[in-house]
Amino acid sequence: MTTDQIAALTRPPALGPGDRVAVTAASGPPRAAELEKAVAALETLGLIVDVLPSARAAGIPLDYLAGDDALRAADLTTALTDPRYRAVFMARGGYGAQRTLEGVDFAAMGTPAPRTLIGYSDVTALIEAVATHLGWVSLFGPMPVSDDFAPGAYAFDSMTRMLFTPAEVTGLTFPAARTLVPGAAEGITLGGTASLLCSSLSTPTSRPARGGILFLEDVDEEPYRLDRILTQLRRSGYLDGVAGILCGTFTGCGDPAEIDALLVDRLGDLGAPVLAGADIGHGVPMQTFPVGVRARLDADAGTLTFDGPVLA
């Protein structure tokens, strides 16, 4: 066990029917048909859904961004501060969150009422920023513009349980996971997509892993590029004192055995248990991973146990 160097974050309230939520985009432009389907899925939960302008913006001036930087930053600010909203669903990933954060003035936000931010991939940068500046728990989970964002889908239902009945979610189990470094550790959960964690280094929103249970995953990174990302996390000091490491999917990153060997090479000497193959991240029906809560990782049993409900 390791003494925490990062504190547990404030737990936003769980959702219930009648709550109003925002859907916004900080990265790529969502596909219109999939966005409307996702809104309908959220409405089946009894939520009132406001789609902010960025989520319907075309790729102008750059086709890989949902509108311009000012629009995305303004919408994210609204979603995080408007007292009507109880949760913020990031419409999709891609690229653009780092540019969006350049235009967000967290100091001017004051102390808005906590609400849950949900997303993954490029949204990793936003989850780190919310943790650093607002101190809220967020969820690394499915986004509206994805194939499995619908009632009955594993990823959607996993997210829904954590959002609506968090007391029933005592932890996550990974029966297909692989123990790379044995042992158990406790700490505060953090992390996300490794390349986004790396791109946030030396910015005001980077949140080092000392004393934490770090989650890592990525997509479409060749093994040598993933090696470079992990090496940069090592050399920067980001990984110093990490308590435990949970690795999710590395879809499109090469042969799984080669990736496991790389993870052992780059993470195995940190003095922390390492569990690989968790069904969180790109390319699989994913479980939702809470960021900012105290948890116990058991790399031998393949479990992550929370010390209480992840939302209030």
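Just above, that's the structure.
Residues numbered from 1 in each chain as written. Predicted model: local features only at pLDDT ≥ 70, side-chain atom pairs only at ≥ 80, totals over all residues. Heavy atoms only, no water.

Trainee: Break down the overall build of the protein chain for me, with residues and values.
Mentor: When its secondary structure is counted, the protein chain shows eight helices and 14 strands. Here the protein chain has a C-alpha radius of gyration of 18 Å; the compact-globule value for 312 residues is 20 Å, and the two agree. In terms of overall dimensions, the protein chain has C-alpha extents of about 45 × 40 × 35 Å along its principal axes. Buried positions account for 59% of the 312 residues belonging to the protein chain. Of the roughly 11600 Å² of accessible surface on the protein chain, a fraction of 52% belongs to carbon and sulfur atoms. (Helix = DSSP H or I, 4+ residues; strand = E, 2+ residues; numbered from the N terminus. Rg over C-alpha atoms; globule rule 2.2 N^0.38 Å. Buried < 20%, exposed > 50% of the residue type's maximum accessible area, 1.4 Å probe, protein only. Areas by Shrake-Rupley, 256 points an atom, 1.4 Å probe, with all protein chains shown as cover.)

Trainee: Tell me about a negative patch on the surface, residues and numbers included.
Mentor: Together, Asp220, Glu222, Asp255 and Glu258 make up a region of like negative charge exposed at the surface. Here Glu222 is to be found in the loop between strand 9 (212-219) and helix 7 (223-235). Of the residues examined, Glu222 reaches a relative accessible area of 40% and is grouped as partly exposed. (Patch = residues over 30% accessible without salt bridge, like charges linked within 9 Å, V, L, I, M, F, W, Y side chains within 5 Å. Salt bridge = Lys/Arg side-chain N within 4 Å of Asp/Glu carboxyl O. Lys, Arg positive; Asp, Glu negative; His and termini not counted. Charge placed at Lys NZ, Arg CZ, Asp CG, Glu CD.)

Trainee: Hey, could you go over the environment of Ala14 for me, with residue numbers and the actual values?
Mentor: Within the secondary structure layout, Ala14 lies in the segment before strand 1 (20-24). Here the alpha-carbon distance between Ala14 and Asp82, two residues 68 residues apart in the chain, equals 17 Å.

Trainee: Account for the pattern of salt bridges, naming residues and giving values.
Mentor: Applying the stated criterion to the full structure yields 13 salt bridges. A salt bridge links Arg56 to Glu36, with the nearest nitrogen and oxygen atoms 2.8 Å apart. Of this pair, Arg56 sits in the loop between strand 2 (48-51) and helix 2 (69-81) while Glu36 sits in helix 1 (residues 32-43), placing them 20 residues apart in sequence. A salt bridge links Arg266 to Asp265; its shortest N-O distance comes to 3.1 Å. Judged by relative accessible area, Arg266 falls into the buried class, the value being 17%. The class for Asp265 is partly exposed, based on a relative accessible area of 45%. When salt bridges with common partners are traced through the structure, they connect Asp69, Arg72 and Arg99 into a single cluster.

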